[in-house]
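# Chains, contacts and geometry: an overview
As a plain string of letters, each chain reads:
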There are 2 protein chains.
Amino acid sequence: MAMATSAKEVQDGLEWRVRVPQGSLAVVVESQPDWVDRAWAWLTGIVLAVVSKAVGFGRKAWSVGSDDPRRVVHGVKVGTGLTLVSLFYYTRPLYDGVGGWAMWAVMTVVVVFEYTVGGCLCKGFNRSIATSTAGFLAVGIHWAASKAGEKAEPVILSASVFILASAATFSRFIPAIKARFDYGITIFILTFSLVAVSGYRVDQLLFLAQERVYTISIGVGICLIVCILVCPVWAGQELHLLVSGNLVKLADSLQGLVEECFMEDEAEEGKELPTAKSQGYKCVLNSKATEDSQANLAKWEPGHGRFRFRHPWSQYLKVAAAMRYCAYCMEAFNGCISSEIKAPEDVKSHLRGASIKLSLDSSNVLKELSSSIMSMKESRSIHCLVVEMKNGVQELQVALRSLPTDHVKKHRATLSLMEAMPLVTAASLLIEVSERVESVVEAVGVLARLASFEPSLDRKKASSYSSVVPQDESVRPQPQEV
Amino acid sequence: MAMATSAKEVQDGLEWRVRVPQGSLAVVVESQPDWVDRAWAWLTGIVLAVVSKAVGFGRKAWSVGSDDPRRVVHGVKVGTGLTLVSLFYYTRPLYDGVGGWAMWAVMTVVVVFEYTVGGCLCKGFNRSIATSTAGFLAVGIHWAASKAGEKAEPVILSASVFILASAATFSRFIPAIKARFDYGITIFILTFSLVAVSGYRVDQLLFLAQERVYTISIGVGICLIVCILVCPVWAGQELHLLVSGNLVKLADSLQGLVEECFMEDEAEEGKELPTAKSQGYKCVLNSKATEDSQANLAKWEPGHGRFRFRHPWSQYLKVAAAMRYCAYCMEAFNGCISSEIKAPEDVKSHLRGASIKLSLDSSNVLKELSSSIMSMKESRSIHCLVVEMKNGVQELQVALRSLPTDHVKKHRATLSLMEAMPLVTAASLLIEVSERVESVVEAVGVLARLASFEPSLDRKKASSYSSVVPQDESVRPQPQEV
């Protein structure tokens with residue numbers, strides 16, 4: 001039947017060709033019935049869309065993987081963990097299907113295996129503690145309910161589930177609990193409900209509890225072994241690298257913004273603007289959530305690499321907050337320099353030298369702080385660099401102070417300030433940024449003290465982060481050291 | 001034996017009292033053996049610490065609950081959902097303990113029940129889809145492996161678990177997948193591993209799969225019914241309220257900051273500084289994470305209240321981003337006015353009027369935008385308010401322009417600009433804030449169009465968000481309307 005239809009269609013097409021003899025071969029191809037064309041176009045469209053979607057997705061996946069190959073490694077680690085736990089149970093007679101103990105071990109591996117060691121430890125700890133406390137509490141209430149008689153038993157059990165689940169859920173809104181035990185509370189409610197609602201007798205329950213603790217331990221153990229032994233990713237180290245990397249980005253960005261502001265005319269002659277570099281401060285604006293979660297997870301981690309167990313992770317957040325205060329100011333600076341009012345060239349050249357020097361000084365301070373954090377050594381040159389930055393601030397203030405007299409002489413006084421406004425504001429914000437860099441210096445100083453950074457050779461300058469008065473005026477900063 | 005020891009100790013105490021007859025009664029009390037004192041002190045310390053900790057925790061919990069009573073309601077809702085699901089299974093003969101089906105329903109309720117309806121729907125959808133696809137995929141692979149012979153079977157199964165778990169885990173790093181399907185992928189891996197590793201035959205598995213889909217549906221159904229029917233919290237509405245509330249905070253904060261800057265002398269005469277009010281912009285700086293997650297969840301929600309299903313939730317994020325740009329500038333402003341350099345009173349009084357007027361104009365625009373979003377009506381007065389704000393900018397620019405001549409006459413020219421600097425910078429940042437307020441106006445205009453806000457009575461002014469040239473110059477803004 002289908003054959004006959006298609007034969008008829010072909011015939012129709014041919015017939016039509018005969019009727020329109022001036023039609024070319026292209027017309028013959030087009031002469032197929034509409035629905036074939038449309039179906040073909042639709043099919044091609046679908047295939048092309050699917051292929052382009054798949055290619056796009058593949059490219060995105062590739063870039064995600066090549067940006068940080070540890071992500072691929074993490075995928076392989078989870079696969080390994082799961083295979084290990086399934087093999088472990090595959091070879092044991094204890095195993096009895098989906099309802100059996102294997103389930104809890106597999107579930108533990110899937111849920112507890114996190115990207116960072118801290119995440120893994122946090123979830124593993126939460127799961128173990130929550131399961132055991134909820135289990136024993138539920139067994140206790142079960143025992144009490146069973147003494148209360150057959151009629152009262154379901155009432156007592158349901159009421160206890162209701163009250164404990166409500167209270168535990170509410171407690172998740174308390175920030176301190178949310179930050180550390182959110183997952184634990186889910187597991188607490190889960191285990192408590194499961195045990196309380198179950199129809200087992202207390203002695204059976206004790207056996208079950210023992211088995212479950214045993215399987216969860218195996219799951220958590222396998223997770224931790226794979227997570228720590230195979231290319232571990234430490235949340236603490238990530239935070240350390242993030243903060244010191246952001247300091248460098250902030251430094252580059254400050255330099256780039258000031259260059260963009262004062263070098264504009266040269267740029268128009270063909271020199272490319274360092275836009276990508278100067279926008280680095282935006283990373284600092286947007287990294288709060290990452291930093292908070294990494295600091296939170298890092299607290300669960302044991303000592304690793306150069307970090308001991310109680311490394312002052314929360315101080316990194318304070319350094320980051322101080323950096324963000326700089327970044328806010330730089331955002332306002334960025335707004336000022338993209339203002340439409342063109343600054344007169346003489347004002348620009350008047351402020352150029354001092355502004356670029358100050359931006360260099362400030363970014364040298366930031367880079368020195370970054371390398372101090374990175375190497376975990378107290379900086380030898382930081383106090384000189386801060387003094388140099390303060391000199392830079394004064395020089396820029398002098399330049400600003402001498403601006404009106406210079407400028408008033410040449411122009412109508414009424415226009416002078418208005419035209420110079422964006423540059424004056426920019427210079428003023430630059431001074432504000434330098435002041436905020438000082439609070440970054442202080443925060444890093446506290447970090448150096450709390451984390452016992454290796455002292456610099458000159459012990460007298462050990463506290464140089466906070467005292468910025470140079471012991472020896474002849475010591476000049478060496479920015480090329482940075 | 002213990003009795004004897006303590007009696008001897010008491011005797012020692014007495015004996016000591018006899019030897020030191022000038023000792024008062026206080027000495028007698030102190031004359032008890034050291035360890036009793038220490039134990040007592042330790043015990044009192046512990047009890048006091050526990051009590052004060054408990055009181056502190058109770059206070060915190062109380063404030064969390066009284067800040068937003070819906071949190072308490074959420075706790076009660078979860079309790080109700082769990083009690084319902086447990087009663088459902090308690091009364092059925094199907095029920096057979098922890099390993100049985102009840103477990104999956106209880107687990108679903110515990111894990112899927114989220115604070116917002118969007119969260120609940122997102123997790124419920126993810127859980128259902130992930131369970132079914134992973135289940136059928138695993139059954140298929142199970143069937144294929146069973147055909148491959150007894151030796152190849154475990155190898156095929158383990159390899160498939162390894163490959164799928166690795167790939168799925170890696171895919172969680174792709175941002176688009178992470179945002180919407182993170183939970184689904186966990187459940188996918190979990191279900192696939194459980195089914196693939198299980199020792200059941202294919203026909204048993206199909207029966208199991210059917211049962212599991214059935215129980216999960218019951219769990220998700222109970223969750224959704226309780227979540228939607230009992231005081232529902234809609235993520236979309238929360239986002240809507242957050243954004244319009246933040247606009248008011250930003251407006252108040254701008255007004256407060258400028259008042260603080262220019263009214264300082266009056267404040268010193270006893271008027272309290274509106275510090276809390278002026279720091280409202282910090283809420284805007286810190287609300288990005290909340291907004292992102294709420295917009296993400298709101299997309300899962302059906303139409304509710306005044307919002308239809310495909311309400312343009314992502315446009316709220318753009319409004320919020322534009323607000324954050326204002327807030328960055330206000331942060332820099334805050335830095336400038338807390339500078340140590342005291343501005344001369346004559347400069348201050350010269351700029352006071354225009355600055356306060358501009359801050360009022362800008363905050364009126366922001367408040368009008370807030371009430372437009374809140375009522376979901378296009379604003380009638382917004383274009384007049386924007387024109388008024390632009391006039392305010394020009395007036396402040398005029399004031400700044402006339403500043404040098406006035407000032408140079410009275411003082412030494414070399415100091416004038418330096419002393420006036422913080423105020424000039426502040427005024428300049430105020431102008432920048434007003435320019436950024438315009439991009440908030442544009443973003444809200446796009447929102448009004450996308451969300452089809454109720455048009456204002458005067459249809460000609462419907463597009464007034466983007467075109468800020470007044471049709472009728474005689475129309476003056478009425479800030480008291482806001």
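Source: prediction; values computed, not measured. (Residues numbered from 1 in each chain as written. Chains lettered and ligands numbered in written order. Predicted model: local features only at pLDDT ≥ 70, side-chain atom pairs only at ≥ 80, totals over all residues. Heavy atoms only, no water.)

## Examining the overall build of chain A
Regarding its fold elements, chain A presents 19 helices and zero strands. Considering chain A as a whole, with its 482 residues, one finds that 49% of them fall into the buried category. For chain A, restricting intrachain contacts to residue pairs at least 6 apart in sequence, the fraction spanning at least 24 positions comes to 82%. (Helix = DSSP H or I, 4+ residues; strand = E, 2+ residues; numbered from the N terminus. Buried < 20%, exposed > 50% of the residue type's maximum accessible area, 1.4 Å probe, protein only. Contact = heavy atoms within 4.5 Å.)

## Thoughts on helix 6 (residues 117–147) of chain A
With 31 residues, helix 6 of chain A extends 45 Å from end C-alpha to end C-alpha; this agrees with the ideal 45 Å at 1.5 Å per step. Just downstream of helix 6 of chain A, G149(A) is the residue with a positive phi angle, here 100°. (Expected span 1.5 Å × (residues − 1).)

## Notes on the pattern of salt bridges
Residues and elements named next belong to chain A. Across all of its chains, the model carries 26 salt bridges over all chains by this definition. With a shortest N-O distance of 3.0 Å, D182 and R172 are connected by a salt bridge. Of this pair, D182 sits in helix 8 (residues 175–197) while R172 is found in the loop between helix 7 (152–171) and helix 8, placing the two residues ten residues apart along the sequence. One network of salt bridges, in which partners are shared, links D68, R70 and E238. (Salt bridge = Lys/Arg side-chain N within 4 Å of Asp/Glu carboxyl O.)

## Looking at the UniProt feature "transmembrane region" (unreviewed entry) in chain A
All names here are of chain A. Taking the UniProt record as the reference, the feature "transmembrane region" (unreviewed entry) is found at residues 39–59, 71–90, 102–122, 155–174, 181–202 and 214–235. In residues 39–59, the share of helix is 100% and the share of strand is 0%. The end C-alpha atoms are 30 Å apart. Along residues 102–122 the backbone is 81% helical and 0% strand, and the end-to-end C-alpha distance reaches 22 Å. (UniProt positions renumbered as here; feature names shortened; annotations may be inferred.)

## A short note on the state of the cysteines
Here is the idea: a disulfide is a covalent bond, and it sits between the sulfur atoms of two cysteines. Counted according to the given criterion, the structure contains zero disulfides over all chains. With no disulfide of its own, C223(B) lies 4.8 Å from the sulfur of C120(B), the closest cysteine sulfur. Not engaged in a disulfide, the cysteine C329(B) finds its nearest cysteine sulfur in C336(A); these two sulfurs lie 6.5 Å apart. The exposure class of C329(B) is buried, given its relative accessible area of 0%. (Disulfide = S-S within 2.5 Å.)

## So, a nonpolar patch on the surface
The grouping of W40(A), W42(A), L43(A), I46(A), V47(A), V50(A), V51(A) and V55(A) at the surface amounts to a nonpolar patch, some 810 Å² of accessible area in total. Tracing the backbone through its elements, the reader meets V47(A) in helix 3 (residues 34–67). (Patch = residues over 30% accessible without salt bridge, like charges linked within 9 Å, V, L, I, M, F, W, Y side chains within 5 Å. Areas by Shrake-Rupley, 256 points an atom, 1.4 Å probe, with all protein chains shown as cover.)

## Re the packing of aromatic side chains
This model, assessed by the stated rule, comprises 15 aromatic pairs over all chains. Taken together, a centroid distance of 5.1 Å and an interplanar angle of 70° make the contact between Y115(A) and F173(B) edge-to-face. Pair noted here: Y115(A) is in the loop between helix 5 (101–112) and helix 6 and F173(B) is in the loop between helix 7 (152–171) and helix 8 (175–197), and the two residues belong to different chains. On the basis of an interplanar angle of 75° and a centroid distance of 5.7 Å, the ring pair of Y325(A) and Y328(A) is categorised as edge-to-face. Of this pair, Y325(A) and Y328(A) both sit in helix 15 (residues 313–337), three residues apart, roughly one helical turn. You can call Y325(A) partly exposed: its relative accessible area is 33%. With relative accessibility at 6%, the residue Y328(A) sits in the buried group. (Phe/Tyr/Trp six-rings, centres within 6.5 Å; stacked < 30°, edge-to-face > 60°.)

## Focus on the nonpolar core
By size, the foremost hydrophobic cluster in this structure holds 138 residues, and its most contacted members are V440(A) and V440(B). Among residues more than four places away in sequence, those in contact with V440(B) are L247(B), V319(B), A322(B), M323(B), C326(B), L366(B) and L369(B). M103(A), V106(A), I185(B) and I222(B) belong to the second largest nonpolar core, which has 100 residues in total. (Core = buried A, V, L, I, M, F, W, Y, C linked by side-chain atoms within 4.5 Å.)

## Brief notes about the domain arrangement of chain A
All names here are of chain A. Partitioning chain A into structural domains gives domain 1 (70–229) and domain 2 (237–454). Taken together, the twelve residues of domain 1 in the interface contact seven residues of domain 2. Taken together, domain 1 and domain 2 are joined by one salt bridge. Between R70 and E238 there is a salt bridge, with its nearest N and O atoms 2.8 Å apart. Going through the elements one at a time, helix 6 and helix 8 are the ones with two or more residues in the side of domain 1 that touches domain 2. Per element, the largest residue contribution to the side of domain 1 that touches domain 2 is seven residues, and it comes from helix 6. Tallied by class, residues from the side of domain 1 that touches domain 2 come to six nonpolar, four polar and two charged. (Domains from an automatic or database assignment. Nonpolar A, V, L, I, M, F, W, Y, C, P; charged D, E, K, R; others polar.)

## Brief notes about the environment of H350(B)
Residues and elements named next belong to chain B. Secondary-structure assignment places H350 in helix 16 (residues 345–375). Residues H350 and S402 lie 52 residues apart in sequence; the distance between their C-alpha atoms is 9.1 Å. Among the polar contacts listed, one links the side chain of H350 to the backbone oxygen of A399, at a separation of 2.8 Å. (Polar contact = N/O pair within 3.5 Å; in protein donor to acceptor, adjacent residues only side chain to side chain.)

## Some words on the environment of L247(B)
Residues and elements named next belong to chain B. Residue placement: L247 occurs in helix 10 (residues 235–262). Owing to a relative accessible area of 0%, L247 belongs among the buried residues under this scheme. Sequence separation between L247 and S338 is 91 residues, and the spatial gap between their C-alpha atoms is 24 Å. Apart from the residues lying within four places of it in its own chain, the contact partners of L247 are M323, L366, L369, S370, I373 and V440.

## As for the side chain of K77(A)
All names here are of chain A. Checked against the element boundaries, K77 lands in helix 4 (residues 70–90). In this structure, K77 is buried with no salt-bridge partner, the nearest side chain bearing the opposite charge being E301 at 10 Å. Beyond its immediate chain neighbours, meaning those up to four positions away, K77 contacts F113, V226, C227, V230, C231 and P232. (Lys, Arg positive; Asp, Glu negative; His and termini not counted.)

## Re unusual backbone geometry
Non-glycine residue M376(A) carries a positive phi angle of around 55°. In this fold, M376(A) is placed in the loop between helix 16 (345–375) and helix 17 (382–401). Judged by relative accessible area, which is 9%, M376(A) ranks as buried. Positive phi, close to 35°, is recorded for C231(B), a residue that is not glycine. As for its placement among the helices and strands, C231(B) is situated in the loop between helix 9 (202–229) and helix 10.

## Some words on the confidence of the model for chain A
All names here are of chain A. The predicted model of chain A has a mean per-residue pLDDT of 80, with 78% of residues at 70 or higher. Across residues 405–415, confidence stays below pLDDT 50; counting only partners more than four residues off in sequence or on other chains, it has 13 contacts. Long-range and interchain partners of residues 459–463, a stretch whose pLDDT sits below 50, account for five contacts in this model, where long-range means more than four residues apart. Interface predicted TM-score (ipTM) for the complex: 0.78; the corresponding pTM is 0.80. (pLDDT = per-residue confidence, 0-100.)

## Side note on the packing of helix 10 (residues 235–262) of chain A against helix 15 of chain A
Residue and element names in this part refer to chain A. Running from N to C, helix 10 and helix 15 cross one another at 20°; their axes reach a closest spacing of 10 Å. Overall, the two elements helix 10 and helix 15 adopt an arrangement that is roughly parallel. When you trace helix 10 past helix 15, the crossing you get is left-handed. Across the contact of helix 10 with helix 15, the residue classes break down as 17 nonpolar, six polar and no charged. (Axes fitted to C-alpha atoms, helices over the stretch in contact; angles between N-to-C directions. Parallel < 35°, antiparallel > 145°, perpendicular 65-115°, else oblique. Left-handed = near helix turned anticlockwise from the far one by under 90°.)

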